[in-house]
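Spelled out from the first residue to the last, the chains are:
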Amino acid sequence: MSTEVAEKRPTRRKQSRVAQPKATIQTPPAVVPEQEDLTLVEEDGSDVQLLSGAGNVSIKKWREPDSDDDDNPEAKYDIAEAWRSLFQLQSCHQIMLNEKVQSRLQLMIGLNVTQEFPWKQIKYRDLLDQLDEIDETGYLGQALQEFNLEDHLLLGYAPILIENQDDIPEGDPFIIFLNPIDAKAALQIIRNMELYERWLINRRIIKKPRRWVSLGSENEVNLTIEQHYAPPLEVEVQSVYPLKIPEKKEFSFRKSSDVRDGYVELLPSELVKFENIMRRRVTIGIQSAPTLIHLEQQTDPTFPTNAWAQYLYEIADGEDLDESSEDEATRGSTRPRSPSSMQSKITKPPPEVSPNIRLLLDTLEFNQIDMYRNDYAYICNKAIEHYSTPHLEETLCFANISKSYERYVCGIDWYPALSGLIVTSYTFSTAATIEGVSERVDMVQRAVLQPNPILMWSFADNLNYKLEFESPQEVTVLSFCPHDPNLLFGGGRNGQLIAWDLQGRAEKFDTEEILTAAQTKYRVMMADFLRWTILINEDAVVPPAMISALEVSQKSAITGIYWLGEQFYVNSFGKAMTDPNKENIHKFFLTCSIDGTIAFWNLDTINDKKLQATTIRHDQPKALTQNESIYKNKVLKPIFSLVFNEPITSLYCDSSVFICKVLDNQARLSKGNNFPTVLEAKNPKTIRQSAIMSTFYGRIERFNWSGAYADIECSESITKSIPFARVHDGPVVALKKNPFYPVVFVSIGRTIFAVWMEHFNYTPIFWRKRATDLTAVAWSKARPGVLFLTRIDGNMEVWDILSRDDDACYNNIIGGGIISAVSEHRLAEPVKLLGIGDYNSSFRMMKLPKSFYTPEPGELERVKEYFRKEENRKKSIQIWEHQYYENNRDIIEAKRHAEIDARKELERLEKEHALSATRKATKEDDKRDEFRNLSYTERMKRKWDELNLNRLLSILMSRKRVDEEKLERDTRLEKKHLAYEAAKKQSLIRMQQRIGEEVAAVRSRILPHEKVDLQRVDMILSSVCDLMQTVDNYKQTEIEANEIVNNFDTFDNLNYIEFLYRGDHRRRLLNKSMGGNTERLYWYECIQDEDLMDECNWSYDGFFGPQTSQHVTNLSENLTIDESVIDSDAKSM
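Chemist: What's the story with the overall build of the chain in this structure? I'm lost.
Modeler: Each helix and strand in the chain was counted, giving 28 helices and 43 strands. Burial statistics for the chain: of 1133 residues in total, 29% are counted as buried. A fraction of 64% describes how many contacts in the chain between residues 6 or more apart in sequence connect residues 24 or more apart. When the accessible surface of the chain is totalled, it reaches about 81,700 Å², and 53% of it is carbon and sulfur.

Chemist: Mind showing me how you'd approach the pattern of salt bridges here?
Modeler: Under the definition given, this model contains 33 salt bridges. The closest approach of N and O atoms between Asp654 and Arg688, which form a salt bridge, is 3.0 Å. In this pair, Asp654 is assigned in the loop between β26 (648-652) and β27 (657-662) and Arg688 in the loop between β28 (677-682) and β29 (690-695), connecting sequence segments 34 residues apart. On the basis of relative accessible area, Asp654 is assigned to the buried category, the value being 10%. Arg688 sits in the partly exposed class, given a relative accessible area of 35%. In this structure, the salt-bridge partner of Glu797 is Arg791, at a minimum N-O distance of 2.8 Å. Of the residues examined, Glu797 reaches a relative accessible area of 0% and is grouped as buried.

Chemist: Can you help me understand the nonpolar core in this one?
Modeler: Looking at soluble globular proteins, one finds that nonpolar side chains tend to be buried together. In this structure, Ile598, Phe600, Leu642, Leu651 and Phe703 are the most contacted members of the largest nonpolar core, which totals 24 residues. Elements represented by at least two residues in this core include exactly β21 (568-570), β23 (588-593), β24 (597-602), β25 (640-643), β26 and β29. Here this core takes three residues from β23, the largest share from any one element. Each residue touching Phe600, except ones within four places of it in the same chain, is listed here: Val570, Phe589, Leu590, Pro638, Ile639, Phe640, Leu642 and Trp705.

Chemist: Honestly, helix α17 (residues 859-887) in this entry has me stumped. Any pointers?
Modeler: Helical periodicity: at 3.6 residues per turn, an α-helix aligns residues three or four positions apart in one direction. Compared with an ideal rise of 1.5 Å per residue, which puts 29 residues at 42 Å, α17 spans 42 Å between its outermost C-alpha atoms and is within 8% of the ideal. Tucked inside the fold, the buried residues of α17 contact β34 (744-749), β35 (752-757) and β36 (766-769).

Chemist: Which parts of the structure should I look at to understand the sheet that holds strand β6 (residues 119-123)?
Modeler: Paired through backbone hydrogen bonds, the strands of a sheet run either parallel or antiparallel to each other. With respect to topology, four strands assemble into an open sheet ordered β5-β8-β7-β6, the strand pairing being antiparallel. The open sheet terminates on both sides in strands that have one partner only, identified here as β5 (92-97) and β6. With strand direction ignored, the average angle separating the axes of adjacent strands in the sheet is 35°. Bridge analysis of β6 against strand β7 (residues 152-157) gives five bridges, and the strand direction is antiparallel. Residue pairing for β7: Lys123 is matched across the bridge by His152. The strands touched by helix α6 (residues 180-205) within the sheet are β6, β7 and β8 (172-177), with β7 carrying the most contacts at an inclination of about 45°.

Parameters at a glance
- Residues numbered from 1 in each chain as written.
- Predicted model: local features only at pLDDT ≥ 70, side-chain atom pairs only at ≥ 80, totals over all residues.
- Heavy atoms only, no water.
- Helix = DSSP H or I, 4+ residues; strand = E, 2+ residues; numbered from the N terminus.
- Buried < 20%, exposed > 50% of the residue type's maximum accessible area, 1.4 Å probe, protein only.
- Contact = heavy atoms within 4.5 Å.
- Areas by Shrake-Rupley, 256 points an atom, 1.4 Å probe, with all protein chains shown as cover.
- Salt bridge = Lys/Arg side-chain N within 4 Å of Asp/Glu carboxyl O.
- Core = buried A, V, L, I, M, F, W, Y, C linked by side-chain atoms within 4.5 Å.
- Expected span 1.5 Å × (residues − 1).
- Pairing = 2+ DSSP bridges.
- Axes fitted to C-alpha atoms, helices over the stretch in contact; angles between N-to-C directions.

Just distances and angles here, no functional claims.
This is the structure we're talking about:
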């Protein structure tokens, strides 16, 4: 390696001789001096390190391996001293947290914090809610007054504080730092403790050798390491005479990596091909030995954990033992005994054991300790919660495809007098189902030919229905009368109310008819004579007992039936009243419908004598009329109606909530599934003339009614309502009241369900959005905080509000399609069942896990506390939002107006786009029509011209040798660029056209209109007098102005719009300076801004006549100046 060094010549030099001496400098090889101090310069990942000594001499030397004693912090760091430092901080405070507070703060021991990771930061907002239970003295509240709600506090689990205490207080010990500065210092100490523990773990995992003890072998290794060797260099130095070469010159290496142009890329020729040779792995021999590992493992016994046995062998003194071996006994050996065996053998003395072993044996024999039993459950202070995934098991399925084919389960209700009986109705669609627009259905044929099935099923027989209810139309909702369990009401799709009377048929399901021999004989003979007829079980078919008249019924499908308490009634004026006499029992109920009406009904209506006279047949025997229903001659007619302008889907009112109870436990055990029950009503204390309704438009509103003033009206229109917060993204299909806490109700609409308090309409207590549409909802009848939700994709969700309110506790697929109905069986004997109706007209009963129907201790109070707490939190948020709005009203209103304007602009653009698309389609249609209207000769001529043009283009391109694909590929970017430029130009033009309107809109929002003060008479008179004294002669001024105008060369190039604008501006300045009347101008500008020019009467008819006035109006419209142009000109000025 050679290096040429040339010194830079000076710019000005004398004319003298230049000597060019030639010197040769020999660089000796790098030799390590024997007694020279070496310093470490650089080291890499190998076992060789680079050392430098005096004179910039570098050598390579073998490096000692790292030992376990290097940087050992074990002797420098004390973990006990670190804990002592934490406890000695001034703001360190000890608190005791019970399990309830730990769960709320998410500081559960073993789940959130452990002895290994005891530290956690929580927000002050979360701790503030629990200060009353943590701090009884109020010290923490005073120390944390200056904290913000979003600040974090450092807490740590410290069981070391109570290890040596005899009297352990309630709860677990925690420490908290009340000062942020101390918290930062504590974090630094905690970080050092964690680093120390990590070092200990790494030391146990990664083993290092002991410190190297030199015995001289490293010198032999250093001799084998290759050192840097520099050959001698010839250096030619050019300089100006006299020579200025120093005696000692140090040279350095100029490496290629140290300069910019040190590397040059050598590109081979395309004809040269290289063959790459892969380097093989270099085999390196190492000396290793396996690490000695000791492993210990405790194996569990193969027999069950909780099973153990103890064997005790007791042998009397006078008994002899058979000493024959077991093998001989199994082989049936009959070897004779020797005489010596017959003699009494000498008893073998027991082995000698130490006193300790004897004590252990006596203890084991006395206590009978089970060595394989888990004793944790007997010695622990609190039980461990075991979490498992619940599972729903299907037990029953009710379906009759012949009667309910291609229908959904719509209306369901449980029989109140016996358990295990349910009535279901089937419809072709429900409020939550989606029907395709392309499906064409003949509604007349469906209403005439298709049946309307309503079936009663029993748990005792899931294959055959027990009763069938006849109906002239589809029934959307069912409800048993709580006062008479034999009376079933159903709401029809056309708004009629239908009632059926069971007449005790349900109690006769399990009874067996006992016939004598003669009765059996006559029964067979009658069957032989009636073979030509269709066999119908008349006892299994229930005809309607009452149907409301069509003219007085509601006009669309009924969506809900709600029963009022026994002491409440509604008179014919619509007044809801309470009867003070508790002996009187009233039977009133409400129905709501899709037509927007709410009807009040009274079951205790008088008999219609005219109807009774027409229905009674006097010529019939008494035996044929004794089984008729007592409700047959009663008239169903609403006593009062409320009318709303939106379709109502559900209702929340002061209705009763019913709880089912068992009458006799002995009867329950003897009758199996169908045992007697009774409904116990939970009536509200008072009834209000107010209710909450949900509409098909996605709204929830509270309305009040005052009643009618005359008996003739019998109806009232609801015009005012109080809306609830709009959270649903679709029709609200259901409202369900909590049976345990009636002020709470749940609503579902499209993909969102919300839980509300009926007196708080600002926002729901909480609402959640689900993945798909929701179809049905139901509260649990056993637990106040459990909620069942069904979805359109066949999933069912179970929400336990006390466990978690951010997501469902259970979410699983129950069916392959839509689930249209859900209802829980009222009783839990023998198991709790949940009924689910799905898309294939089957109603399935699912067995619920115990966690879904076993109430926790004090669960109702906890649910009430949860809702009250959330309500208070929402109210505080509402107060804060109101204060924020009042403080920032202008900004919020400006944003709202801006959003409204943006929405209007988008609508305008959409309309323009739709109009342009329509015009384009119209032009294309016109072209096609024009082409069709041409004669055959003209059409053929145009086609020939198009074909000839394409042919000429192809010939031209072939002669020019132009490739179409290459031309299209080369011009693609240019076409895109031209299209982009054109679109950009059009957007700029549209933006410039809208500048005036946008500026005017912003100006009108920011700067209010200045009202002209017309009470300035004195100022006007004084200004006019001053002006008349200083004004010039008009005639002379006119002559001078005409001369200037005539001599104006560029008058032809003057813009007419600019001329009008200048004149208008000059007029405004004159009016302002002279105090002239500008009221007319201000009125004209307001009319022009509000686009009321066409509606303004300019008073032309009285003076000019109608034709002239129309001409003047057209002329004024043509001369209207565009405001955007004026504003742009004003900006340019």
